[in-house]
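Here is how the chains run, residue by residue.
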Amino acid sequence: MTIIDMTIHELHAALKGKQISSVEATTALLERITAVEPQVGSFITVTPEQALAAAKAADHRIASGDCQLLTGIPLAIKDIFLTEGIRTTCGSRILENFIPPYSATSWEKLRDCGAVLLGKLNQDEFAMGSSNESSAYGTTRNPWDTTCIPGGSSGGSAASVAARQAVATLGTDTGGSIRQPASHCGCVGLKPTYGRVSRYGVIAYASSLDQVGPLTRDVADCAIMLEAIAGHDPKDSTSVDTPVPNYSASLTQGVKGMKIGLPKEYFIDGLDPDVQKAMDAAIDTYRRLGAEFVEISLPNTDYAVATYYLIATAEASSNLARYDGVRFGHRAEADGLLDMYTKSRSEGFGSEVKRRIMIGTYALSSGYYDAYYVKAQKVRTLIMNDFVKAFADVDVMLTPVAPTPAFKIGEKINDPLQMYLSDIFTIPVNLAGTCAMSLPAGFSAAGLPIGLQLIGKPFGEESILRAGYAFEQATEWHIRKATI
Ligand code: GLN
């Protein structure tokens, strides 16, 4: 097996057995990045010097007998994570030259295990989008078909795993941004429960929804990454102080007797026939493995997209107020303070970000606050209660990740509503604050990957990883490789 095809657990075994060094692995991936970047465009910044220095340090560590699961493993992270001394743009012009003075906790945890950073990955501007087309640094393309979008907003995080440019990556998920690109690029992506992973040092989009999570080649790697980044962080008051289970240890327990819910609102007429076929086949596979299916209802699903686009934009309008040209980020030549604010923000933000700031500001403004923002918060509670009720009867839920496989670049960019609606199956999970994972479950007639979503109870990551692992062992979808 060539180095670039290896999973974390495979490369770890080779590093530990001294068949491969981290410098060799890092060099192989850096060469792969150079070779395929012109077609894929997963990265905003590649950091070869730092990567090789970190690989050398990892090799010393391994030589001294300290080889943890992530020691010497070359990874890449979304450009939303602050990295001390390394440019962090969040996909925006307004942060084009921003070099953070400190790093995100989630990245620091990986780095402390000895992981190697290859670079920073492309994304929709400020994580607002489902296609990567709102990045100020060009659109990442889908490695399975470069005329298609990779999904968003963590499009670079998914595409780089599928194109074998990084062994695994980190993304963030506010309304589906880990799971939808994972589904479109044929990798595994997990959005942990709100509070499971620290958000410290992650550029804020919608703070009550944002969560950090891994994108990987298989479920075992996903467990390894989650275990490394999860846990309480005194620097993030919303991170929860509850012990981190040994996710890897429970993977092999199987799904015999597991109760899987099928929310009827997620299996609708508009579902793409290829997606429906993949879901039917997945249900059959789980039946064979001994799981039981129960039809359940999440009655407020219809309101989820509207609720999300009020809450997320309201929080974004407040979070993005800090980009005013005063202390950091782009500052325009201007005549006085007000002019500086206006010009800096007009020049620095792209049109999708401006649209969201305007929607959010409107929803929060006096006279409309009760009609929009407060109402959205009430509906959010109803959606949360739907999940609590449904989870009284089932262990996990199975749904599609997206209504269609990856669409063409340019297809929805001028129709924001169509773009927003494509998040229908991922958004409710963020509103409910619970966890969910996307994993490869088939291909469309055109050869594009289709993902399956497993939704877990709050802090039920173990169950979805276990169910995902059982499915992966019984199928071969995760083994197929993009031809790029
Ligand atoms: N597509 C959704 C949005 O544009 C979700 C993005 C995300 O999860 N960051 O808001």
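Below: a short report on this structure. Bear in mind the structure is a predicted one, so any value in this text is a computation, not a measurement. (Residues numbered from 1 in each chain as written. Predicted model: local features only at pLDDT ≥ 70, side-chain atom pairs only at ≥ 80, totals over all residues. Heavy atoms only, no water.)

**Section: the side chain of Arg196**
Part 1: Considering the arrangement of structural elements, one finds Arg196 in the loop between strand 5 (188-191) and strand 6 (211-216).
Part 2: Salt bridges are absent for the buried Arg196, whose nearest opposite-charge side chain, Glu461, sits at 5.4 Å.
Part 3: There is a polar contact of 2.7 Å between the side chain of Arg196 and the backbone oxygen of Thr242.
Part 4: Apart from the residues within four sequence positions on either side, Arg196 is in contact with Gln211, Ala230, Gly231, Val240, Thr242, Pro243, Val244, Pro245, Tyr247, Phe459 and Glu461. (Helix = DSSP H or I, 4+ residues; strand = E, 2+ residues; numbered from the N terminus. Buried < 20%, exposed > 50% of the residue type's maximum accessible area, 1.4 Å probe, protein only. Lys, Arg positive; Asp, Glu negative; His and termini not counted. Salt bridge = Lys/Arg side-chain N within 4 Å of Asp/Glu carboxyl O. Polar contact = N/O pair within 3.5 Å; in protein donor to acceptor, adjacent residues only side chain to side chain. Contact = heavy atoms within 4.5 Å.)

**Considering the packing of aromatic side chains**
Part 1: A complete count under the given rule lists 16 aromatic pairs for this structure.
Part 2: Taking 3.9 Å as the distance between ring centres and 15° as the angle between the ring planes, the aromatic pair formed by Tyr309 and Tyr420 counts as stacked. Placement of Tyr309 in helix 9 (residues 304-319) and of Tyr420 in helix 13 (residues 416-421) is noted, with a sequence separation of 111 residues between them.
Part 3: Among the residues examined, Tyr309 registers a relative accessible area of 10% and is labelled buried.
Part 4: On the accessibility criterion, Tyr420 (9% relative accessible area) is buried.
Part 5: Ring pairs connect the aromatic residues Phe98, Phe126, Tyr323, Phe328 and Phe349, which therefore count as one cluster. (Phe/Tyr/Trp six-rings, centres within 6.5 Å; stacked < 30°, edge-to-face > 60°.)

**Quick word on the site of the ligand**
Part 1: In the vicinity of the ligand, 15 residues are found, and the nearest of them are Thr174, Gly175, Ser177, Tyr205 and Tyr308.
Part 2: One nitrogen or oxygen atom from the main chain of Thr174 is found 2.8 Å from an oxygen atom belonging to the ligand.
Part 3: Ser177 places a polar side-chain atom, nitrogen or oxygen, 2.6 Å from an oxygen atom of the ligand.
Part 4: The fraction of the free accessible surface of the ligand (290 Å²) that becomes covered by protein chains is 100%.
Part 5: Looking at side-chain class alone, the shell around the ligand contains 5 nonpolar, 7 polar and 3 charged residues. (Near = heavy atom within 4 Å. Areas by Shrake-Rupley, 256 points an atom, 1.4 Å probe, with all protein chains shown as cover. Nonpolar A, V, L, I, M, F, W, Y, C, P; charged D, E, K, R; others polar.)

**Examining the sheet that holds strand 6**
Part 1: Pairing is mixed across the open sheet formed by 11 strands, whose spatial order is 1-3-2-4-6-5-10-11-9-7-8. Across the chains shown, the open sheet's two edge strands, defined by having one partner strand only, are strand 1 (43-46) and strand 8 (292-296). On average, each strand axis in the sheet is tilted by 30° relative to the strand beside it, whichever way the strands run.
Part 2: On the sheet, helix 3 (residues 48-63) packs against strand 1 and strand 3 (116-121) and is oriented at approximately 155° with respect to strand 3. (Pairing = 2+ DSSP bridges. Axes fitted to C-alpha atoms, helices over the stretch in contact; angles between N-to-C directions.)

**A word on the packing of helix 8 (residues 273-288) against helix 15 (residues 461-474)**
Part 1: Running from N to C, helix 8 and helix 15 cross one another at 100°; their axes reach a closest spacing of 10 Å. In this view, helix 8 runs roughly perpendicular relative to helix 15, as classed from their interaxial angle. Contacts between helix 8 and helix 15 pair Ala282, Thr285 and Tyr286 from the former with Ala467, Gly468, Phe471 and Ala474 from the latter.
Part 2: A breakdown of the residues in the contact of helix 8 with helix 15 according to their chemical character gives 5 nonpolar, 2 polar and no charged. (Parallel < 35°, antiparallel > 145°, perpendicular 65-115°, else oblique.)

**Some details on the pattern of salt bridges**
Part 1: In the structure shown here, the tally under the stated rule is 11 salt bridges.
Part 2: One salt bridge in this structure joins Asp236 and Arg199, with 3.7 Å as the shortest N-O distance. Within this pair, whereas Asp236 is found in the loop between helix 7 (219-229) and strand 7 (259-263), its partner Arg199 is found in the loop between strand 5 and strand 6, the two being separated by 37 residues in sequence.
Part 3: The salt bridge partner of Arg355 is Glu352, with a shortest N-O separation of 2.3 Å. One end of the pair is Arg355 and the other is Glu352, both in helix 11 (residues 351-364) and 3 residues apart, which spans about a single turn.

**Re the nonpolar core**
Part 1: Grouped together as the largest cluster of nonpolar side chains are 152 residues, with contacts concentrated most on Leu110, Phe126, Tyr286, Leu398 and Leu465.
Part 2: Apart from the residues lying within four places of it in its own chain, the contact partners of Tyr286 are Val255, Ile260, Ala291, Phe293, Leu398, Leu452, Leu454, Ala467, Gly468 and Phe471. (Core = buried A, V, L, I, M, F, W, Y, C linked by side-chain atoms within 4.5 Å.)

**Notes on a nonpolar patch on the surface**
Part 1: Side chains of Tyr362, Tyr368 and Tyr372 sit close together on the surface and give an oily, nonpolar patch of about 290 Å² of accessible area.
Part 2: On the secondary structure map, Tyr372 appears in helix 12 (residues 369-390). (Patch = residues over 30% accessible without salt bridge, like charges linked within 9 Å, V, L, I, M, F, W, Y side chains within 5 Å.)

**Thoughts on the pairing of strand 4 (residues 168-173)**
Part 1: Burial of strand 4 is extensive: 6 of the 6 residues sit out of reach of the surface.
Part 2: Both faces of strand 4 are covered, namely the face carrying Ala168, Leu170 and Thr172 and the face carrying Thr169, Gly171 and Asp173.
Part 3: Strand direction decides the pairing type here: strand 2 (residues 74-78) and strand 4, joined by 3 bridges, are parallel. Bridging from a neighbouring strand, Leu75 pairs with Ala168 of strand 4.
Part 4: Note: strand 4 against strand 6, 5 bridges, orientation antiparallel. Along strand 6, the bridge assignment pairs Leu170 with Pro214.

**Quick word on the environment of Arg164**
Part 1: The residue Arg164 is located in the loop between helix 5 (155-162) and strand 4 in this model.
Part 2: The spacing of Arg164 and Ile44 is 120 residues in sequence and 16 Å in space, taken between C-alpha atoms.
Part 3: Discounting chain neighbours no more than four positions away, the residues touching Arg164 are Ile4, Asp5, Leu29, Arg32, Arg217, Lys481, Ala482 and Ile484.
Part 4: A distance of 3.0 Å separates polar atoms of two side chains, one belonging to Arg164 and the other to Asp5.

**Thoughts on unusual backbone geometry**
Part 1: Here the residue pair Gly152 and Ser153 is connected by a cis peptide bond, since its omega of 5° sits within 30 degrees of zero.
Part 2: Relative to the helices and strands, Ser153 is located in the loop between strand 3 and helix 5.
Part 3: With a phi angle near 75°, Asn132 is a residue other than glycine that sits in the positive phi range.
Part 4: Looking at the secondary structure, you find Asn132 in the loop between strand 3 and helix 5.
Part 5: Even without a glycine there, the phi angle at Arg164 is positive, about 60°.
Part 6: In this structure Arg164 comes out as buried when scored by relative accessible area, which is 11%.

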